[in-house]
Amino acid sequence: MISMDRQTENKCLKLVENYRVLAAGNKMQFQEMILACAGIYLAAGEEPDLERIKACKKLLKNKAGIFSNFRGSDELLVRCKMALAPEPERYFDSMEKAYRRIKTFFSGEQTALAAMILAEQGDSETLAEKTKQIYQEMKGAHPWLTSENDLPFAALMAVSGKNTSTVYAEAEEIYAALEGKLKADRDTRQMLSHILAIRGGRPEEKCEKLCALAEGLKTAGHSLGRGSRLAILGILADSALPTETLLERICEADDLLKQHKPFHGLFGVGANCRRMFAVQMVQSALSEEDSLGASAMLTASVELAIITMILMMIIISSTASSHSSSH
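Please read these numbers as outputs of a predicted model, since none were measured by experiment. (Residues numbered from 1 in each chain as written. Predicted model: local features only at pLDDT ≥ 70, side-chain atom pairs only at ≥ 80, totals over all residues. Heavy atoms only, no water.)

Draft legend 1. Local environment of the side chain of Arg 275. Following the sequence through the fold, Arg 275 ends up in helix α13 (residues 271-289). Setting aside residues no more than four positions away along its own chain, Arg 275 makes contact with Gly 221, His 222, Ser 223, Leu 224 and Asp 254. (Helix = DSSP H or I, 4+ residues; strand = E, 2+ residues; numbered from the N terminus. Contact = heavy atoms within 4.5 Å.)

Below is the structure:
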């Protein structure tokens, strides 16, 4: 059997290769979005098929108007999701149906991402209703913190298989527990409370492991900062591995990724973004060994949705910033 360290190395190299293939056919896309899509193919165990993605671009153009939220900053993500589906058109129809169920007047690309999550589960209409219920609970508890950015997390809670009220009650418990313990902004703590609620294990244990990982990475010189990128650590909070082992593997993955494009160089993505993918590579390698529990069951849909959500927030924020500065 390949050692876990070798598995992590293989995951890193496969991510880089998937990025290279996708970047060659999508030169005008954000590097971060191409990376997110490379991670989707990695999780699916598939290699990017540029011809199939190109065909899905044509299909998407026919199915969605130019002002559709499925053709915004995340259009490549939509096309890749369609390309990976056995029946791309049927996947799009399910996604659009879920979108119509959960959209509001202010809906944008995060609502589209929530619809993508629901479309993968089959019964998207029922899950859309659960998503709306959970989102309303979020809004009631934190009216000023909760925004469209939280809608994909509500969708993840809806597809987690946990009772709707129970999963959100756990999220609230975790949010309170993290206050004063984790050096992060309030939005990030709320995001983490949603992520940890859908993971297995006891809330207090997950919080302790998360805080230990965040502090350990900072001490090791591999910090994820205090903003939204820190939330990716939530996917390792229920790992059975000791914190020290996880820290070692994240640091090793970070050092390996740094040697390859687009993780180095003047125009490469930043260190915090690279470390997000290092965490994902460690979890992806662990998931191959874990055939039971939430880790195996939710890995592909959850960790990729989380990392994509965080990257989408960064991309949308950057786009808005550059747009305002040009006027």
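And the narrative resumes.
Draft legend 2. Up close: the packing of helix α6 (residues 109-119) against helix α8 (residues 151-159). Closest axis-to-axis distance for the α6/α8 pair is 8 Å, and the angle between their directions is 15°. Considering the angle they form, α6 stands roughly parallel to α8. Crossing handedness for the pair α6 and α8: right-handed. Each of Gln 110, Thr 111, Leu 113, Ala 114, Ile 117 and Leu 118 in α6 lies in contact with α8, whose residues at this interface are Leu 151, Pro 152, Ala 155, Leu 156 and Val 159. Taken together, the residues of the contact of α6 with α8 sort by class into 9 nonpolar, 2 polar and no charged. (Axes fitted to C-alpha atoms, helices over the stretch in contact; angles between N-to-C directions. Parallel < 35°, antiparallel > 145°, perpendicular 65-115°, else oblique. Left-handed = near helix turned anticlockwise from the far one by under 90°. Nonpolar A, V, L, I, M, F, W, Y, C, P; charged D, E, K, R; others polar.)

Draft legend 3. Representation of the environment of Thr 131 in the model. If you trace the backbone, Thr 131 turns up in helix α7 (residues 124-141). Under the relative-accessibility criterion, Thr 131 is labelled buried at 0%. Along the primary structure Thr 131 and Pro 152 are separated by 21 residues, whereas in three dimensions their C-alpha atoms are 8.5 Å apart. Other than its neighbours up to four places away in sequence, Thr 131 contacts Ile 102, Leu 118, Leu 151, Ala 154, Ala 155 and Ala 158. (Buried < 20%, exposed > 50% of the residue type's maximum accessible area, 1.4 Å probe, protein only.)

Draft legend 4. Representation of the side chain of Arg 189 in the model. Within the fold, Arg 189 resides in helix α10 (residues 186-197). Notably, Arg 189 is buried but unbridged: the nearest opposite-charge side chain belongs to Glu 179, and the N-O separation is 4.3 Å. A distance of 3.1 Å separates the side chain of Arg 189 from the backbone oxygen of Ala 184, its partner in a polar contact. Non-local contacts of Arg 189, meaning those with residues more than four positions away in its chain, are made with Tyr 175, Leu 178, Glu 179, Leu 182 and Ala 184. (Lys, Arg positive; Asp, Glu negative; His and termini not counted. Salt bridge = Lys/Arg side-chain N within 4 Å of Asp/Glu carboxyl O. Polar contact = N/O pair within 3.5 Å; in protein donor to acceptor, adjacent residues only side chain to side chain.)

Draft legend 5. Just the environment of Leu 233, in detail. Along the chain, Leu 233 turns up in the loop between α11 (203-219) and α12 (243-257). On the accessibility criterion, Leu 233 (0% relative accessible area) is buried. The sequence separation of Leu 233 and Lys 209 amounts to 24 residues, and the corresponding C-alpha distance is 9.4 Å. If we skip the residues at most four places from it in the chain, Leu 233 touches Leu 210, Leu 213, Ala 214, Leu 217, Leu 224, Ile 250 and Val 279.

Draft legend 6. Spatial organisation of the pattern of salt bridges. According to the stated counting rule, one finds 18 salt bridges in the structure shown. The salt bridge involving Asp 93 is made with Lys 63; its shortest N-O contact spans 2.8 Å. Residue Asp 93 is located in helix α5 (residues 88-102), and its partner Lys 63 is located in helix α3 (residues 50-63); the two are separated by 30 residues in the primary sequence. The class of Lys 63 is partly exposed, set by a relative accessible area of 27%. Two residues, Asp 238 and Arg 199, come together in a salt bridge whose shortest N-O distance is 3.4 Å. Placement of the pair is Asp 238 in the loop between α11 and α12 and Arg 199 in the loop between α10 and α11, with a sequence separation of 39 residues. With a relative accessible area of 1%, Arg 199 lands in the buried category. Sharing partners across several salt bridges, the network here consists of Lys 63, Glu 89 and Asp 93.

Draft legend 7. Fine view of α10. Over its 12 residues, α10 runs 16 Å from end to end, which matches the ideal 16 Å to within 8%, given 1.5 Å per residue. Burial in α10 covers these residues: Thr 188, Arg 189, Gln 190, Met 191, Leu 192, Ser 193, His 194, Ile 195, Leu 196 and Ala 197. Two to three positions downstream of the cap, the backbone nitrogen of Asp 187 sits 3.2 Å from a side-chain oxygen, assigning the N-cap of α10 to Asp 185. (Expected span 1.5 Å × (residues − 1).)

In short, the description is geometric, and any link to function would need to be established separately.
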